[in-house]
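Reading the structure
Okay, here's what each chain looks like letter by letter:
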Amino acid sequence: MAESNKMKDMPVNKLMIQMGIPMILSMALQAVYNIVDSAFVGNMKVGSEAALNALTLVVYDTLKLPEKSVRIP
């Protein structure tokens with residue numbers, strides 16, 4: 001059986017709804033997770049600064065641009 005290409009065959013409006021809703025839901029859930037996580041870290045009595053600093057370092061290391069590409073054999 002030949003498979004059809006839904007990007008070519010389906011109407012644009014239906015494709016936008018079908019493919020856009022999962023992306024919108026995932027972004028909304030990520031935002032809710034971030035808000036709840038910030039509330040929990042903000043309510044910590046001990047170690048909240050360490051938790052925020054660790055998160056900041058992970059985000060910074062993830063987003064920074066590599067200066068040189070390094071190959072590990």
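Here's a quick rundown of the structure.

The rules behind these values
- Residues numbered from 1 in each chain as written.
- Predicted model: local features only at pLDDT ≥ 70, side-chain atom pairs only at ≥ 80, totals over all residues.
- Heavy atoms only, no water.
- Patch = residues over 30% accessible without salt bridge, like charges linked within 9 Å, V, L, I, M, F, W, Y side chains within 5 Å.
- Areas by Shrake-Rupley, 256 points an atom, 1.4 Å probe, with all protein chains shown as cover.
- Salt bridge = Lys/Arg side-chain N within 4 Å of Asp/Glu carboxyl O.
- Helix = DSSP H or I, 4+ residues; strand = E, 2+ residues; numbered from the N terminus.
- Expected span 1.5 Å × (residues − 1).
- Bend = angle between axes of the 7 residues up to and from the residue.

Topic: a nonpolar patch on the surface
A contiguous nonpolar surface patch, about 540 Å² in accessible area, is contributed by M7, M19, M23, I24 and M27. Considering every element that reaches the nonpolar patch, the biggest residue donor is helix α2 (residues 12-42), with four residues. Position of M27 relative to the elements: it lies in helix α2.

Concerning α2
A rise of 1.5 Å per residue sets the reference length of α2, with its 31 residues, at 45 Å; its end C-alpha atoms lie 44 Å apart and thus fit the reference within 8%. Most pronounced at G20, the bend in α2 amounts to some 35 degrees, and the proline P22 follows within four residues.

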